[in-house]
Amino acid sequence: MNIEQLHSQYKTSLKKENRLIRFYQILIFIVFFSSWELFSRMRWIDPLIFSSPSKVWHLFIKKLGDGTLLSHSGVTLFETVLGFIIGTLLGTILASLLWWSPRLSKTLDPYLVILNAMPKVALGPIIIVAFGPGFPSIISMGAIISIIITTIVVYTAFREVDPNYLKVLQTFGATRAQSFREAILPASFPTIISTLKVNVGLSWVGVIVGEFLVSAKGLGYLIIYGFQVFNFTLVMLSLMIIAFFATIMYQLVELLERKLIKD
Amino acid sequence: MSFLKIQDIHHTYFSNQTAATALADISLDIEKGEFVSFLGPSGCGKTTLLSIIAGLFPPTSGKILLENNPLKADSDFSIGYMLQQDYLFPWKTIEENVLLGLKLIKKNEGLEKIKTLKLLSDVGLGGTGKLYPRELSGGMRQRAALARTLAVDPKILLLDEPFSALDYQTKLKLEDLVFEILKSFGKTAVLVTHDIGEAIAMSDRIYLFSAKPGRIYKTFEVPDELRELTPFHARNHPHYSALFQTIWKELESLEY
Ligand SMILES: Nc1ncnc2c1ncn2[C@@H]1O[C@H](COP(=O)(O)OP(=O)(O)O)[C@@H](O)[C@H]1O
Ligand SMILES: [Mg+2]
């Protein structure tokens, strides 16, 4: 037995394990969809309510052909991405202001607690009245749902930066702005990235609820519409498309994480 | 007129419940090029005094003059401060870390930059400029921190237990390195330590602090024979153990 042999043995066993896990993942996928199809065809579940993968697929092809799916998905995706970016950006900026002025942060503290506890989607009707029943309202919903929690989490990260780093900068005569740029912000990057991950999910919630309320366009609208005309195949299709895009967005954030954080 | 003059420093930390006096009646003078140590048990106010000298916060009362001028942290880099840990920024390369002080005053280019990078080889870190701190050992990181401190050419160096987190061998080597570099640049330095041997081996004068509140309890002049030696060799000199015994006894008597 030499080291190389042991190493290649170790690698094969690792590969085997990974293959096994991949196998189970695919198995779950196949079992889920085929039993869904089967149950629906055998009428063990009501096909009118639960539809079936083949029906969803046919609808997908049809809606893709007439272009409606693309336009609805495009609208929702646009609103979600914008809501996500605005929410994260405003939250981080607000956190920076709180860090900048300890007095401001102490003053605002109880209000942040209230706003954080508040279910943001309940503000929907007011937002729609204020911004009109269009995409500005929906984007606001996607943003507002993540602003406060981003502010709180990022501000906490700012405060937890080791004060000795600031001491080093201070002995070099750094201004507060320089301290922020050189230590506070980069030290908090990991936290900011992890709030990005949470915010992906949150902005989807905000946007879909917004579309429920405005009921004009988008995947949220398709869900509500499908529900009203009892077309549950349309509801299922919309859900799957949401799951697809939300996953892609999450993966992109993870890619960004790997790019930005080297250690 | 002495180089650094510390006059009647008192410092009290206030909180809602308590007012804890950390320093009382501290007065001392340090001449240009001298190396002095503050020695004492932990909690006797050494770090507080160093922070005040560094201008990180004002004392409750008293004043500090450097070349007859009151001190401020944001003045012309009169002060270099080194902490117990290196506090190199982990997302910056060694080179970026060392250039940090110059960057903050927008001088990190041209000749200044070349001079600073030469400092890296002076501390024995040539060729590590592009590495990140996590790729270096503890001793190397502390040397990089020394280079970062020296980069802005401070008039006086404040060293707050910079060797205490290192293993013994690394510590002895680093003591020699710091000693020689500071001598060759003619820097004035204040070392805080709770290690009697280190204080004797490195300094010209030792201030022994007593606690609660922190006061200067005794002052010891290190004999000329020891001053001239590097810290490593000083530790082997007969005068070293004599002085060690004396200070040891004083420290013991402090505890009761
Ligand atoms: N920021 C602070 N607030 C309140 N008390 C402090 C603070 N920093 C230090 N002290 C107290 O002041 C005394 C001296 O502390 P310090 O200067 O850190 O001593 P040393 O460096 O000699 O160990 C200690 O009793 C410590 O508890
Ligand atoms: Mg201390």
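Residues numbered from 1 in each chain as written. Chains lettered and ligands numbered in written order. Predicted model: local features only at pLDDT ≥ 70, side-chain atom pairs only at ≥ 80, totals over all residues. Heavy atoms only, no water.

A. Inspection of the sheet that holds strand β8 (residues 188-193) of chain B at higher detail. Residues and elements named next belong to chain B. Strand order across the open sheet formed by six strands is β6-β7-β8-β3-β9-β10, with mixed pairing between neighbours. A strand with exactly one partner marks an edge of an open sheet, and here the two such strands are β6 (79-82) and β10 (215-221). The sheet shows a mean angle of 20° between the axes of neighbouring strands, direction not considered. (Pairing = 2+ DSSP bridges. Helix = DSSP H or I, 4+ residues; strand = E, 2+ residues; numbered from the N terminus. Axes fitted to C-alpha atoms, helices over the stretch in contact; angles between N-to-C directions.)

B. Seen up close, a positive patch on the surface. Residues and elements named next belong to chain A. A cluster of like positive charges, contributed by Lys11, Lys15, Lys16 and Arg19, occupies part of the molecular surface. Examined against the element boundaries, Lys11 turns out to sit in helix α1 (residues 3-41). On the basis of relative accessible area, Lys11 is assigned to the partly exposed category, the value being 46%. (Patch = residues over 30% accessible without salt bridge, like charges linked within 9 Å, V, L, I, M, F, W, Y side chains within 5 Å. Areas by Shrake-Rupley, 256 points an atom, 1.4 Å probe, with all protein chains shown as cover. Salt bridge = Lys/Arg side-chain N within 4 Å of Asp/Glu carboxyl O. Lys, Arg positive; Asp, Glu negative; His and termini not counted. Charge placed at Lys NZ, Arg CZ, Asp CG, Glu CD. Buried < 20%, exposed > 50% of the residue type's maximum accessible area, 1.4 Å probe, protein only.)

C. Molecular detail of the domain arrangement of chain A. Domain parsing of chain A yields domain 1 (3-45) and domain 2 (56-260). When each unit is reduced to the centre of its C-alpha atoms, the spacing between domain 1 of chain A and domain 2 of chain A is 33 Å. (Domains from an automatic or database assignment.)

D. Spatial organisation of the sheet that holds strand β2 (residues 19-30) of chain B. One open sheet holds the four strands; their spatial order is β2-β1-β4-β5 (chain B), and the pairing between them is antiparallel. What marks the edges here is a single partner per strand, and that holds for β2 and β5 (69-70) of chain B.

E. Region of interest: the packing of helix α4 (residues 68-100) of chain A against helix α5 (residues 102-117) of chain A. All names here are of chain A. In contact at an axis separation of 6 Å, α4 and α5 are set at 125° when each is read in the N-to-C sense. Here α5 runs oblique to α4, going by the angle between their axes. In this structure, α4 uses Leu97, Leu98, Trp99 and Trp100 to contact α5, whose residues at the interface are Pro102, Leu104, Ser105, Leu108 and Leu112. Its residues placed into classes, the contact of α4 with α5 shows eight nonpolar, one polar and no charged. (Parallel < 35°, antiparallel > 145°, perpendicular 65-115°, else oblique. Contact = heavy atoms within 4.5 Å. Nonpolar A, V, L, I, M, F, W, Y, C, P; charged D, E, K, R; others polar.)

F. Fine view of the side chain of Asp176(B). Tracing the chain through its elements places Asp176(B) in helix α6 (residues 168-185). For the buried Asp176(B), which has no salt bridge, the nearest side chain bearing the opposite charge is Arg235(B), at an N-O separation of 7.0 Å.

G. Focus on the interface of chain A and chain B. Every contact between the two is made by 18 residues of chain A and, on the other side, 24 residues of chain B. When chain A packs against chain B, the two sides together hide about 2,000 Å² of surface, and 65% of this comes from carbon and sulfur. Measuring nitrogen to oxygen at the nearest pair gives 2.9 Å for the salt bridge that ties Glu182(A) to Lys103(B). Connecting chain A to chain B are six residue pairs in polar contact (both at pLDDT 80 or more). Among the residues forming the side of chain A that touches chain B, the class breakdown is eight nonpolar, five polar and five charged. (Buried area = accessible area lost by both parts, 1.4 Å probe. Polar contact = N/O pair within 3.5 Å; in protein donor to acceptor, adjacent residues only side chain to side chain.)

H. Summary view of the packing of aromatic side chains. This structure, assessed with the given rule, holds 24 aromatic pairs over all chains. Taking the centre distance of 5.9 Å and the plane angle of 35° together, the rings of Phe33(A) and Trp36(A) count as tilted. Residue Phe33(A) and its partner Trp36(A) are both found in helix α1; the two are separated by three residues, about one turn of the helix. By relative accessible area, which is 23% here, Phe33(A) ends up partly exposed. Assessed through its relative accessible area of 11%, Trp36(A) is described here as buried. Between the aromatic rings of Tyr165(A) and Phe89(B), the centroid separation amounts to 5.0 Å while the plane-to-plane angle is 40°, which identifies the pairing as tilted. With one member in each of two chains, Tyr165(A) in helix α8 (residues 163-171) and Phe89(B) in the loop between β6 and α2 (94-98) form a pair that bridges those chains. By way of ring pairs, the aromatic residues Phe29(A), Phe32(A), Phe33(A) and Trp36(A) are connected into one cluster. The positively charged end of Arg176(A) is found above the aromatic ring belonging to Trp99(A), 4.1 Å away from the centroid. (Phe/Tyr/Trp six-rings, centres within 6.5 Å; stacked < 30°, edge-to-face > 60°. Lys NZ or Arg CZ within 6 Å of the ring centre and 35° of its normal.)

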